[in-house]
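Architecture at a glance
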Amino acid sequence: TSAQNPAASAPATMQTAEHFRFEKTLSAEVNYLLSLPKGYDAKAERRWPLMMFLHGAGERGTNVWRVAIHGPAKNTKVLPEFPFIIVSPQCPERQVWSNDIVLALLDEVAAKYAVDTNRVYLTGLSMGGYGTWALGLTHPERFAAIVPICGGGQMISVILSSRDRGAALRSLGVWAFHGGKDPVVPLQESQRMVDALKKAGLADVKLTVYPEAEHDSWTETYKNPELYEWLLKHERRH
């Protein structure tokens, strides 16, 4: 009888719709360096722009002062007139930057200090450059501009952000930097992200290449006053 009924001998191919629920609580502690601008007064009406800096892999750990080896946290010593609140978190050893943790820290600082939430900027180098691309493109509505240095990102983040947060993405300022002879993170990593964002319709996106620089494209970048002038021209209207 089975030969007369093909369905009886056919393998089961029926699909069913199932559901699985999973909850996970994130518990994290973050060490960070905080620099308040000259003239900062928490009681005044004035609100200050905020710059979040994500360091590279070499500064991970528990000694938070390592975060000041490079970047804006270092330059507060030589450029004391910075008009920014600068927040420089430290990533734990053997971990990479977490969007959730960085955003939670941003919320905490914005609640505690006189932050102009329309002028929040994100920058980072190497591993922090990757973190800047990831967070900045996933949540463009949180930042007025981002500055990823010698990093790279995922194409899918451009595609999804363009679809889900198109207006916020297209109004995001992006200035990427890279060394032309970078042996650690190839220049193409920054180039393809910038090309994808231009294709997505961003009005203000550019890439600066230092032709002879290797991986350290951040020292020159963070010393450049034009970078901070460019940042301050960007403001996000919520």
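Since we're looking at a predicted model, the values are computed, not measured. (Residues numbered from 1 in each chain as written. Predicted model: local features only at pLDDT ≥ 70, side-chain atom pairs only at ≥ 80, totals over all residues. Heavy atoms only, no water.)

Applying the stated criterion across every chain yields a total of zero disulfides. Free of any disulfide, Cys91 has its nearest neighbouring cysteine sulfur in Cys150, separated by 16 Å. We classify Cys150 as buried; its relative accessible area is 0%. (Disulfide = S-S within 2.5 Å. Buried < 20%, exposed > 50% of the residue type's maximum accessible area, 1.4 Å probe, protein only.)

Unlike most non-glycine residues, Arg94 shows phi in positive territory, near 65 degrees. Relative to the helices and strands, Arg94 resides in the loop between strand E3 (85-89) and helix H3 (99-112). Phi angles above zero are rare outside glycine, and Ser126 is one such case at about 55 degrees. With respect to the helices and strands, the residue Ser126 is situated in the loop between strand E4 (115-125) and helix H4 (127-138). You can call Ser126 buried: its relative accessible area is 14%. (Helix = DSSP H or I, 4+ residues; strand = E, 2+ residues; numbered from the N terminus.)

Below, the discussion takes up the nonpolar core. Core analysis: the largest hydrophobic core is formed by 36 residues, its most contacted members being Leu50, Met52, Trp133, Leu137, Phe143, Val174 and Leu197. For this core, the secondary-structure elements that each account for two or more residues are strand E2 (48-54), E3, H3, E4, H4, strand E6 (173-179) and helix H7 (187-200). Setting aside its immediate chain neighbours within four residues, Leu50 contacts Ile85, Val87, Leu106, Val109, Val115, Arg119, Val120 and Tyr121. In this structure, Phe53, Val64, Val67 and Tyr121 belong to the second largest nonpolar core, which totals 27 residues. (Core = buried A, V, L, I, M, F, W, Y, C linked by side-chain atoms within 4.5 Å. Contact = heavy atoms within 4.5 Å.)

The next point concerns the packing of aromatic side chains. If you walk through the whole model with that rule in mind, you get 10 aromatic pairs. Judged by centre distance (5.5 Å) and plane angle (70 degrees), the rings of Trp175 and Trp230 are edge-to-face. On the criterion of sequence distance, the pair formed by Trp175 in strand E6 and Trp230 in helix H9 (residues 225-232) is long-range, its members being 55 residues apart. Side by side, Trp175 and Trp230 carry an identical accessibility label, which is buried. Seen from their ring centres, Phe177 and Tyr210 are 6.2 Å apart, and the 20 degrees between their planes marks the pair as stacked. Remark: Tyr210 occurs in strand E7 (residues 205-210) and Phe177 occurs in strand E6; sequence separation between them is 33 residues. Of the two residues, Phe177 and Tyr210, neither departs from the other in class, the shared state being buried. Every member of this aromatic cluster is reached through a ring pair, and the members are Phe82, Phe84, Tyr121 and Tyr228. Its end group placed over the ring of Trp48, Arg46 keeps NZ or CZ at 3.5 Å from the ring centre. Directly above the aromatic system of Trp175 lies the positively charged group of Lys206, at a separation of 3.8 Å from the ring centroid. (Phe/Tyr/Trp six-rings, centres within 6.5 Å; stacked < 30°, edge-to-face > 60°. Lys NZ or Arg CZ within 6 Å of the ring centre and 35° of its normal.)

Attention now goes to H7. Between its terminal C-alpha atoms H7 stretches 20 Å, which fits the 20 Å expected from 14 residues at 1.5 Å a residue. Every buried residue of H7 is accounted for by Glu189, Ser190, Met193, Val194, Ala196, Leu197 and Ala200. Each buried residue of H7 lies within a common arc of 160 degrees when the element is viewed along its axis, so the set occupies one face. Seen from the open side of H7, the exposed residues pointing more than 90 degrees away from its buried face are Gln188 and Lys199. Those residues of H7 that are buried are in contact with H4, helix H5 (155-164), helix H6 (166-170), E6 and E7. Of the residues trailing H7, Gly201 is marked for its positive phi of about 100 degrees. (Expected span 1.5 Å × (residues − 1). Arc of directions from axis to C-beta.)

Within E6, seven of the seven residues are buried, which leaves the element mostly enclosed by the surrounding structure. Along E6, one buried face is formed by Gly173, Trp175, Phe177 and Gly179 and the opposite face, lined by Val174, Ala176 and His178, is buried too. In the classification by handedness, the crossover that spans E6, the intervening H7 and the parallel E7 is right-handed. (Right-handed = clockwise from strand over helix to strand, strands pointing away.)

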